[in-house]
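Examination of the molecular architecture
Each chain is listed here by its residues.
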Amino acid sequence: MAVPGGLFALAAGALAYVGVVDPGEGGHYPVCPLYRLTGLYCPGCGGLRATHALLHGDVLTALRDNALGVAACLACAVLWTVWVIRTVGNRPPRLDPGPAHLWAAGVLLLAFTIVRNLPFGGWLHP
């Protein structure tokens, strides 16, 4: 339980900081380098604001800021919970995504990035 517990403590500390220090106010977090150089939104743009909104219970704002980031937060929580349950049950944690899963994740990230930067994808802008 030391590794999942340590990861939980690390994530809790980072989330506590994001929960207290609003990413919407300038000066606390760096600007996305891709956005700064090109004006294009990467898949992570708006992720800190979405996490901040989630921590304050504002799911709709979180989804508006970065819908994929909200899904990633949920997936991380589920994967960590499964990891802890398997560790407590003395079963090795097993995460073995095949090539198809990795390609699907890559295609999803690429599609999200492309759509949010097209004129009709304005609803995905952070």
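Residues numbered from 1 in each chain as written. Predicted model: local features only at pLDDT ≥ 70, side-chain atom pairs only at ≥ 80, totals over all residues. Heavy atoms only, no water.

Some thoughts on the layout of surface pockets
Rules: Cavities and pockets were defined on a 1 Å grid built from protein atoms only: a cavity is a group of points that admits a 1.4 Å probe but offers it no way out, a pocket is an open group of points flanked by protein on both sides within 12 Å along at least five of seven lines, and a lining residue is one with an atom within 4 Å of any such point. Grid points are joined across faces, edges and corners, and a volume is the space filled by probe spheres set on the points. Numbering of helices and strands runs from the N terminus, with a helix taken as a DSSP run of H or I at least four residues long and a strand as a DSSP run of E at least two residues long. Under the scheme applied here, ten amino acids are nonpolar (Ala, Val, Leu, Ile, Met, Phe, Trp, Tyr, Cys and Pro), four are charged (Asp, Glu, Lys and Arg), and all others, including Gly, are polar.
Size it by volume and the largest pocket reaches roughly 590 Å³. Lining the largest pocket are 20 residues, with Ala11, Cys73, Cys76, Ala77 and Trp80 sitting closest to its centre. Elements that contribute at least two residues to the lining of the largest pocket include exactly helix H1 (2-20), helix H3 (47-55) and helix H4 (59-88). Per-element tally for the lining of the largest pocket: the top contributor is H4, with 9 residues. Space inside the second largest pocket adds up to approximately 370 Å³. In this structure, the second largest pocket is lined by 20 residues; those nearest its centre are Pro30, Val31, Cys32, Gly46 and Arg49. Top contributing element to the lining of the second largest pocket by residue count: H3, with 3 residues. Among the residues forming the lining of the second largest pocket, the class breakdown is 11 nonpolar, 7 polar and 2 charged.

Here we look at the packing of H1 against H4
For clarity, the threshold we go by: Inter-axis angles, ranging from 0 to 180 degrees, are taken between N-to-C directions of lines fitted to C-alpha atoms, where helices are fitted over the stretch in contact. When an angle is under 35 degrees it counts as roughly parallel; over 145 it counts as roughly antiparallel; between 65 and 115 it counts as roughly perpendicular; any other value is oblique. Two helices that cross are described as forming a left-handed crossing if the nearer one is turned anticlockwise from the farther one by less than a right angle, and a right-handed crossing if clockwise. Residues count as neighbours in contact if any of their non-hydrogen atoms are within 4.5 Å of one another.
Where H1 contacts H4, the two axes come as close as 10 Å, and the packing angle between them is 155°. With respect to H4, the axis of H1 lies roughly antiparallel. For H1 against H4, the interelement crossing comes out left-handed. Contacts between H1 and H4 involve Val3, Pro4, Leu7 and Phe8 from the first element and Trp80, Trp83, Val84 and Thr87 from the second. Looking at the contact of H1 with H4, its residues break down into 7 nonpolar, 1 polar and no charged.

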